[in-house]
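# Coordinates in review
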Amino acid sequence: MSEIKRLATYVQKGGVGKTTSSAHFAVSAAQDHDLDVVLIDLAGTQNDLATHFGLEDEVEDLDAAISAVFGDKWDFIRENIDNVVDRMVFETGEGPDLIPADPGLSGANNNLANVPLDERFQALDDFVSKDLAPRYDLVVMDLPGNENNIVLNGLFAAQHTLAPLSPGQFELNQLKNLEEDLIEITETHDDVNPELTMVVPTTINRGEPEHLAFADEVEDTYPEIVGPRIQKTADIGREQGNGRTVFALEDDELLKTGVRARDAYRELTDDLLPQLEAR
Ligand SMILES: Nc1ncnc2c1ncn2[C@@H]1O[C@H](COP(=O)(O)OP(=O)(O)O)[C@@H](O)[C@H]1O
Ligand SMILES: [Mg+2]
């Protein structure tokens, strides 16, 4: 059996940097660590990751879609449709491949409610083990900021989670809830045991005392698993608009803040990769 490293980016909140962190971690893992990486966008139908890599037009009319792996016909489809997995995949141009979200995900989420509990959260894990592990070294799953059957599939398949947090989105006293959310998921679903592997303060503006206090608080709350501070930079949003990450630019094309954010994502990747055992 081939093995693959797995990570999900997850916090039960939107706008904290999950999608941005998924993309930058995946690119650094591919470019700096020479890994074959695939990103899966499970975060819904707005197709954030496709836009992030300038693929929004290409993914408009999907030939094969990720939502199919959650259905009971997947084994049949895998056996009978030529290259169905390869047809799901798009090249980002920065190293990683991307399996984009598709509008069928919300129906797939509803249908999973009818699947017996002992199988409900296992479809994605099965897909990762059977279909992705032979092709890739690392899978990064970008999850939405809520808790549904697709999220639980992602957490079950990944086991390891990265939680980005940005100031403003989080009351400081909510920080400890992060682990409690995961523990609650573990207690409610016997077979889903996600681990909070790394917490990372993102969009930190060094000129704002409140941001620095927030980053200090994250570091004090999670001293063992905190990652490097990711600087707030106009480069990230602008380049998302241009369909690329800040890894696609030279130093002299980036602001100082952009260079720092890129280097912090590189450091995050160096720290996180060895913690993801391939399985
Ligand atoms: N380091 C950063 N500096 C500036 N803006 C950022 C940074 N990281 C993320 N953003 C912006 O914050 C917003 C939310 O980020 P996103 O990754 O989409 O969060 P989520 O996936 O958790 O909803 C986006 O508009 C993104 O461009
Ligand atoms: Mg997102």
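The protein carries the name ATPase involved in chromosome partitioning-like protein in an unreviewed UniProt entry, which gives Halopiger xanaduensis as its organism.

Turning our eyes to something else, we now look at the pairing of strand β2 (residues 37–41). Along β2, 5 of the 5 residues are buried, which leaves the element largely enclosed by surrounding structure. Burial along β2 is two-sided: V37, L39 and D41 facing one way and V38 and I40 facing the other are all buried. With 5 bridges joining them, β2 and strand β5 (residues 138–142) adopt parallel strand pairing. In the sheet register, L39 faces β5, and the bridge partner there is V140.

A few words now on the sheet that holds strand β3 (residues 90–91). Each strand in a sheet pairs with another by means of backbone hydrogen bonds, the pair being arranged parallel or else antiparallel. If you trace the 7 strands from one edge of the open sheet to the other, you get β3-β4-β2-β5-β1-β6-β7, paired in mixed fashion. Looking at the sheet topology across the chains shown, the edges are occupied by β3 and β7 (195–201). On top of the sheet, helix α8 (residues 149–158) reaches β1 (5–9), β5 and β6 (160–165); it is set at about 145° to β1, its chief contact.

This paragraph deals with the side chain of H211. With respect to the helices and strands, H211 occurs in helix α10 (residues 209–221). The class of H211 is buried, set by a relative accessible area of 11%. Once residues within four sequence positions are removed from consideration, H211 is found in contact with P167, T203, I204 and N205.

The next point concerns the packing of helix α5 (residues 104–112) against α8. Across the interface, α5 lies against α8 with an axial gap of 8 Å and an inter-helix angle of 85°. Overall, the two elements α5 and α8 adopt an arrangement that is roughly perpendicular. Taking contact as the criterion, the partners of L105, A108, N109 and L112 in α5 are, on α8, N149, I150 and N153. Considering only residue class, the contact of α5 with α8 consists of 4 nonpolar, 3 polar and no charged.

Next up on the list: the packing of aromatic side chains. If you walk through the whole model with that rule in mind, you get 1 aromatic pair. Here the aromatic rings of W74 and F127 are separated by 5.8 Å at their centres, their planes lie at 75°, and the arrangement is edge-to-face. Taken as a pair, W74 in helix α3 (residues 74–80) and F127 in helix α7 (residues 123–132) lie far apart in primary sequence, 53 residues in all. Classification of F127 as buried rests on a relative accessible area of 0%.

With that settled, consider the pattern of salt bridges. Evaluated as defined, the whole model comprises 16 salt bridges. Residue R78 pairs with D126 through a salt bridge whose shortest N-O separation is 3.9 Å. Residue R78 is located in helix α3, and its partner D126 is located in helix α7; the two are separated by 48 residues in the primary sequence. Residue R78 is classed as buried on the basis of its relative accessible area of 16%. Given a relative accessible area of 26%, D126 falls into the partly exposed group. In the salt-bridge network here, residues are joined through shared partners; they are D32, D251, R262, D263 and R266.

So, on to the packing of helix α1 (residues 18–33) against helix α12 (residues 256–272). Where α1 contacts α12, the two axes come as close as 9 Å, and the packing angle between them is 75°. As judged from the angle between their axes, α1 and α12 are roughly perpendicular. When α1 is examined against α12, the residues T20, S21, H24, F25, S28, A29, D32 and H33 are found in contact with a partner set consisting of Y265, R266, L268, T269, D270 and L272. Classifying every residue of the contact of α1 with α12 by side-chain character gives 5 nonpolar, 6 polar and 3 charged.

Next up on the list: the site of ligand 1. Around ligand 1 lies a shell of 15 residues, among which G15, K18, T19, T20 and Q240 are the nearest. Within the backbone of V16, an N or O atom sits 3.0 Å from an oxygen atom of ligand 1. The side chain of T20 places a nitrogen or oxygen atom 2.6 Å from an oxygen atom of ligand 1. Partitioned by chemical class, the residues of the shell around ligand 1 number 3 nonpolar, 10 polar and 2 charged.

Taken together, the side chains of E56, D57, E58, E60 and D61 present a region of like negative charge at the surface. Here E58 lies in the loop between α2 (48–52) and α3.

Core analysis: the largest hydrophobic core is formed by 56 residues, its most contacted members being L42, I66, F70, L124, F127, L132 and M141. With 7 residues, α8 is the largest single contributor of residues to this core. Setting aside residues up to four positions removed in sequence, F127 forms contacts with I40, I66, V69, W74, R78, V85, M88, I99 and L132. Listed in part, the 35 residues of the second largest apolar core include A29, L49, L162 and L272.

Criteria and cut-off values
- Residues numbered from 1 in each chain as written.
- Chains lettered and ligands numbered in written order.
- Predicted model: local features only at pLDDT ≥ 70, side-chain atom pairs only at ≥ 80, totals over all residues.
- Heavy atoms only, no water.
- Buried < 20%, exposed > 50% of the residue type's maximum accessible area, 1.4 Å probe, protein only.
- Helix = DSSP H or I, 4+ residues; strand = E, 2+ residues; numbered from the N terminus.
- Pairing = 2+ DSSP bridges.
- Contact = heavy atoms within 4.5 Å.
- Axes fitted to C-alpha atoms, helices over the stretch in contact; angles between N-to-C directions.
- Parallel < 35°, antiparallel > 145°, perpendicular 65-115°, else oblique.
- Nonpolar A, V, L, I, M, F, W, Y, C, P; charged D, E, K, R; others polar.
- Phe/Tyr/Trp six-rings, centres within 6.5 Å; stacked < 30°, edge-to-face > 60°.
- Salt bridge = Lys/Arg side-chain N within 4 Å of Asp/Glu carboxyl O.
- Near = heavy atom within 4 Å.
- Polar contact = N/O pair within 3.5 Å; in protein donor to acceptor, adjacent residues only side chain to side chain.
- Patch = residues over 30% accessible without salt bridge, like charges linked within 9 Å, V, L, I, M, F, W, Y side chains within 5 Å.
- Areas by Shrake-Rupley, 256 points an atom, 1.4 Å probe, with all protein chains shown as cover.
- Lys, Arg positive; Asp, Glu negative; His and termini not counted.
- Charge placed at Lys NZ, Arg CZ, Asp CG, Glu CD.
- Core = buried A, V, L, I, M, F, W, Y, C linked by side-chain atoms within 4.5 Å.

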